[in-house]
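Here are the chains, one letter per residue:
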Amino acid sequence: MVFRKFFVLITSCFKVPDKSKSQVTVTESVESTESDESSTIGPLRIKLSDGRCLAYREKGVPKSKSNYRVIIVHGFGSSKEMSFVAPEELMNELGVYLVLFDRAGYGESDPNPKRSISSEASDIQELADRLQLGQKFYVIGVSVGCYPTWSCLKRIPHRLAGVALVVPYINYKWPSLPDDLTKDDYRKNLSRWAYFIARYAPGLLHWWFTQKMFPSSSVLDRNPTFFSNKDLEVLKNTPGYQLLSQDMLKEPGVFDTHRRDFIVAFGKWDFDPLDLTNPFPQNESSPVHIWQGYEDKVVPFQLQRYVSKKLPWIQYHEVPDGGHLLVYDSCVCEAILRSLLLGEDPPPYKPQIAD
């Protein structure tokens, strides 16, 4: 039950669209379809240098007319179909071009059997190059999708115009996390057990998620143990929201992709994010941001505050009534874009002084 709870805790944070996969054409380099309207464009794929393909979709204004080019990195159990509900009027006003892509093995992208912290950043850089996003671009990582984003800050800071880490998950194996801050956090033990089972007993894990003896995850998808009140409101008003189901995990490659992604995310990294130095020392205000919900039950705000204190060059924003599903809140998504692209510091999202 321990590892099931933790997997539910992570996978329950994002909508997994109930859509059939469409056929797409693979090309060496895909140019964006340009139109005079700001709209969502169908899924496309690009081919990477190692022969794998990444699927992506575009939102916002056409790339050729954009002022800002942003790559959004989805989390665990999600895909390029994830929600990021920034108002269309804002994207038109600012000239924002968004790229949402399926990370390796997810959705319509090919799996990467050599997935690593480093490979995730390399995929993002190659995606940007194939799509000709320019010398610098913006990255928004969401939840577990923040480990590729941390990797970008470590490995390709010279390619980044700015970064937003939205409800970034915490890896309890980071050496700089103090024991007195995490010793009573039940998520720490859950993550340890889940990691051990995923790494050393994949057959048992697969059986656990596909057997019929216990209730399906759909029973838990509105459990207040895992969701704040604001999150529950989002779920109530999001038709089609569903978790990774037993049937999904029976599909070839789906279970293995999630298992490998989980192992990389929660395993030992080759660097400690809390030791990073400011990659933008020349900027008066660092274009790196953390967005956290005060009522987030997946990642506690106390840990994010500690991270922001250890890395004072990161701008920390806290949504008072926010849970883990911040990307479903259009006001928050607008604030994320305005702070990232324009350097605005929205007063409603300044953390309270008292813990």
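Details of the structure are given in the entry above.
Residues numbered from 1 in each chain as written. Predicted model: local features only at pLDDT ≥ 70, side-chain atom pairs only at ≥ 80, totals over all residues. Heavy atoms only, no water.

Enquirer: Please provide a residue-by-residue account of the packing of helix 3 (residues 117–130) against helix 4 (residues 146–155), values included.
Expert: Running from amino to carboxyl end, helix 3 crosses helix 4 at an angle of 80 degrees, the nearest separation of the two axes being 8 Å. Taken together, the axes of helix 3 and helix 4 are roughly perpendicular relative to one another. Each of Ile-117, Ser-118, Glu-120, Ala-121 and Ile-124 in helix 3 lies in contact with helix 4, whose residues at this interface are Tyr-147, Pro-148, Ser-151, Cys-152 and Arg-155. Partitioned by chemical class, the residues of the contact of helix 3 with helix 4 number six nonpolar, two polar and two charged. (Axes fitted to C-alpha atoms, helices over the stretch in contact; angles between N-to-C directions. Helix = DSSP H or I, 4+ residues; strand = E, 2+ residues; numbered from the N terminus. Parallel < 35°, antiparallel > 145°, perpendicular 65-115°, else oblique. Contact = heavy atoms within 4.5 Å. Nonpolar A, V, L, I, M, F, W, Y, C, P; charged D, E, K, R; others polar.)

Enquirer: Describe helix 4, listing the residues and the values that go with them.
Expert: The buried count for helix 4 comes to eight of 10 residues, which makes it a mostly enclosed element. Of the residues making up helix 4, those classed as buried are Cys-146, Tyr-147, Pro-148, Thr-149, Trp-150, Ser-151, Cys-152 and Leu-153. (Buried < 20%, exposed > 50% of the residue type's maximum accessible area, 1.4 Å probe, protein only.)

Enquirer: Give me the packing of aromatic side chains: which residues, what numbers.
Expert: The tally for this structure, following the rule as stated, stands at 11 aromatic pairs. Seen in terms of ring centroids, Phe-196 and Tyr-200 are 5.2 Å apart; in terms of plane orientation they differ by 50 degrees. Their pairing is tilted. Here Phe-196 pairs with Tyr-200, and both are found in helix 6 (residues 186–200), just four residues apart, close to one helical turn. Given the relative accessible area of 45%, Phe-196 is considered partly exposed. Taking the relative accessible area as the measure of exposure, Tyr-200 reaches 54% and is therefore exposed. Site record: aromatic cluster; members linked through ring pairs are Tyr-147, Trp-150, Trp-174, Trp-269 and Phe-271. Above the ring of Tyr-195, the side-chain terminus of Lys-173 is found at 3.6 Å from the ring centroid. (Phe/Tyr/Trp six-rings, centres within 6.5 Å; stacked < 30°, edge-to-face > 60°. Lys NZ or Arg CZ within 6 Å of the ring centre and 35° of its normal.)

Enquirer: Got a sec to walk through the pairing of strand 5 (residues 137–142)? Specific residues and values, please.
Expert: Extensive coverage of strand 5 is indicated by the burial of six of its six residues. Where burial is concerned, the two faces of strand 5 agree: the one with Phe-137, Val-139 and Gly-141 and the one with Tyr-138, Ile-140 and Val-142 are both buried. As defined by bridge partners, strand 3 (residues 68–73) adjoins strand 5 across four bridges and the pair is classed as parallel. Bridging from a neighbouring strand, Ile-72 pairs with Ile-140 of strand 5. Relative to strand 6 (residues 160–166), strand 5 runs parallel, the two sharing six bridges. Within strand 6, the residue paired with Val-139 across the bridge is Val-163. For the crossover from strand 5 across helix 4 to strand 6, the handedness is right-handed. (Pairing = 2+ DSSP bridges. Right-handed = clockwise from strand over helix to strand, strands pointing away.)

Enquirer: Describe the environment of Ser-66, listing the residues and the values that go with them.
Expert: Residue placement: Ser-66 occurs in the loop between strand 2 (53–60) and strand 3. Taking the C-alpha atoms as reference points, Ser-66 and Asn-92, 26 residues apart in sequence, are found 8.9 Å from one another. At a separation of 2.7 Å, a polar atom in the side chain of Ser-66 contacts the main-chain carbonyl oxygen of Lys-63. For Ser-66, the side chain forms a polar contact with the side chain of Arg-69, separated by 3.0 Å. (Polar contact = N/O pair within 3.5 Å; in protein donor to acceptor, adjacent residues only side chain to side chain.)

Enquirer: Give a detailed account of unusual backbone geometry, specifying residues and quantitative values.
Expert: Within the chain, Gln-132 stands out as a residue other than glycine whose phi angle is a positive 55 degrees. Here Gln-132 lies in the loop between helix 3 and strand 5. Gln-132 sits in the partly exposed class, given a relative accessible area of 47%.

Enquirer: A description of the nonpolar core should follow, citing residues and the corresponding values.
Expert: A general feature of soluble globular proteins is that nonpolar side chains tend to end up buried together. With 64 residues, the main nonpolar core has Ile-71, Phe-137 and Trp-150 as its most contacted residues. Top element by residues in this core is helix 10 (residues 254–266). It accounts for six residues. Once you skip the residues sitting within four places of it in the chain, Phe-137 turns out to touch Arg-69, Ile-71, Ile-124, Ala-128, Ile-156, Arg-159, Leu-160, Ala-161 and Gly-162. Judged by nonpolar contacts, the second largest core, of 36 residues, contains Val-96, Leu-100, Val-167 and Trp-291. (Core = buried A, V, L, I, M, F, W, Y, C linked by side-chain atoms within 4.5 Å.)

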